[in-house]
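Here are the chains, one letter per residue:
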Amino acid sequence: MARLSVNVDHVATVRQARLGVDPDPVSAAFLAELGGASGITVHLREDRRHIQDRDLALLKRTTKGELNLEMAATVEMQKIALEVKPDLVTLVPEKREELTTEGGLEVRTQIDLIKKFINPLSVAGIKVNLFINPDPDSIKAAHKIGADGVELHTGGYANKKGRERELELRRIQDSAVLTKRLKLSVHAGHGLDFGNIREVADIREITEFAIGFSIVARSLYVGMENAVREMKRLIG
Ligand code: PXP
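What this report covers is the structure whose coordinates are included nearby. (Residues numbered from 1 in each chain as written. Predicted model: local features only at pLDDT ≥ 70, side-chain atom pairs only at ≥ 80, totals over all residues. Heavy atoms only, no water.)

### Concerning the overall build of the chain
1) Next: From N to C terminus, the chain includes 11 helices and eight strands.
2) Next: By the compact-globule yardstick of 18 Å for 236 residues, the chain fits well, its C-alpha radius of gyration being 17 Å.
3) Next: If one aligns the C-alpha atoms of the chain with their principal axes, the spans along those axes are about 45 × 40 × 30 Å.
4) Next: Residue pairs in contact within the chain that sit at least 24 positions apart in sequence constitute 66% of those at least 6 positions apart.
5) Next: In the chain, 35 side chains carry a positive charge and 34 a negative one; their mean positions are 3 Å apart. (Helix = DSSP H or I, 4+ residues; strand = E, 2+ residues; numbered from the N terminus. Rg over C-alpha atoms; globule rule 2.2 N^0.38 Å. Contact = heavy atoms within 4.5 Å. Lys, Arg positive; Asp, Glu negative; His and termini not counted. Charge placed at Lys NZ, Arg CZ, Asp CG, Glu CD.)

Right, dumping it as structure tokens:
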């Protein structure tokens, strides 16, 4: 069964609405792990719109499973990652004006640049995944870069319907097979929810899902532990 890393960014979004201390993403992460999450994901954005440096530092000390830091490939973030040393860094593209991460990282034209960027992280023992669109060229580029794995962008699948969704699912499946063949780890995420997870969870090559918004939203009604348990049941 694939692992589930719960993204608690949007617990911090609510807290930042009033710039106070509640609700605390660190407490939410604790409850997510109680509900069976195998790890916690946070995206420390340049503009600090939700997760703060303090959250990351505390999560490093309190997360029992894998701590995954999503970040842009900037000098500032590289320094923070080297200080905090999460288990995994997932490099994502970042635009200030976007509501959430829009597309995958453009890896095909930046092989040398990304290779150079991830080298100190790898030397420090941090695994590095690249968040990419599910296409063969991006996967081959991730392999050339020497990343530990990829996170396949499932947003296209999540936002489509009918035949288009089926095609997108097939793209993800083919991408997962190719990624595994290249001996990279295969994660997937973005836009996954209680209604669309089943079909992607059937793709055996995917070993981990990063899911945030839908679980945080459901937790408002049923609590974080129950929301995570429910998602795990659907993945299983
Ligand atoms: N994976 C990556 C790389 C992301 O940027 C995000 C959103 O922060 C997620 C997974 C989680 O997406 P969602 O909140 O839609 O579940």
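### Comments concerning the environment of Leu192
1) Next: Residue position: Leu192 is located in the loop between strand E7 (185-189) and helix H9 (197-201).
2) Next: Under the relative-accessibility criterion, Leu192 is labelled buried at 4%.
3) Next: Leaving out residues up to four positions away in the same chain, Leu192 has contacts with Thr154, Tyr157, Ile197, Val200, Phe209, Ile211 and Ser214. (Buried < 20%, exposed > 50% of the residue type's maximum accessible area, 1.4 Å probe, protein only.)

### Observations regarding the pattern of salt bridges
1) Next: Under the definition given, this model contains 15 salt bridges.
2) Next: The salt bridge involving Asp55 is made with Arg15; its shortest N-O contact spans 2.7 Å. Here Asp55 is found in helix H3 (residues 53-62), whereas its partner Arg15 is found in helix H1 (residues 9-18), with 40 residues between them in sequence.
3) Next: For Asp55, a relative accessible area of 0% puts it in the buried group.
4) Next: Arg49 serves as the salt-bridge partner of Asp47, at 3.1 Å between the closest nitrogen and oxygen. (Salt bridge = Lys/Arg side-chain N within 4 Å of Asp/Glu carboxyl O.)

### Here we look at the nonpolar core
1) Next: Core analysis: the largest hydrophobic core is formed by 69 residues, its most contacted members being Leu91, Leu130, Ile197, Phe209 and Ile215.
2) Next: Looking at this core, the element that brings in the most residues is helix H11 (residues 224-235), giving six residues.
3) Next: Contact partners of Ile197, with chain neighbours within four places excluded, come to Leu192, Phe209, Ile211, Met231, Leu234 and Ile235. (Core = buried A, V, L, I, M, F, W, Y, C linked by side-chain atoms within 4.5 Å.)

### A few points about the sheet that holds strand E2 (residues 39-43)
1) Next: In spatial order, the strands read E1-E2-E3-E4-E5-E6-E7-E8; together these eight strands close into a barrel with parallel pairing. Adjacent strand axes in the sheet meet at a mean angle of 25°, parallel and antiparallel pairs treated alike.
2) Next: Looking at chain direction, strand E5 (residues 127-132) and strand E6 (residues 149-153) are connected through four bridges and run parallel. Bridge pairing links Asn129 to Gly149 in E6.
3) Next: Helix H6 (residues 136-145) contacts E5 and E6 of the sheet and is inclined by roughly 160° relative to E5. (Pairing = 2+ DSSP bridges. Axes fitted to C-alpha atoms, helices over the stretch in contact; angles between N-to-C directions.)

### A few points about helix H5 (residues 111-123)
Helical periodicity: at 3.6 residues per turn, an α-helix aligns residues three or four positions apart in one direction.
1) Next: The end-to-end C-alpha distance of H5 is 18 Å, a good match for the 18 Å that 13 residues give at a rise of 1.5 Å each.
2) Next: Of all the bends in H5, the largest measures some 25° and sits at Phe117, one to four residues before the proline Pro120.
3) Next: Within the sequence span of H5, burial applies to Ile111, Ile114, Phe117, Ile118 and Leu121.
4) Next: The inward-facing, buried residues of H5 abut strand E3 (66-71), helix H4 (75-84), strand E4 (88-91), E5 and H6.
5) Next: Where H5 ends, the next residue or the one after it, Gly125, has phi of about 85°, a positive value. (Expected span 1.5 Å × (residues − 1). Bend = angle between axes of the 7 residues up to and from the residue.)

### Here we look at the pairing of E7
1) Next: E7 sits mainly inside the fold: four of its five residues count as buried.
2) Next: Sheet topology note: the E6/E7 ladder contains five bridges and is parallel. Looking at the pairing, Glu151 lines up with His187 of E7.
3) Next: Pairing of E7 with strand E8 (residues 208-211), which is carried by three bridges, proceeds in the parallel orientation. Following the sheet pairing, His187 is matched in E8 by Glu208.

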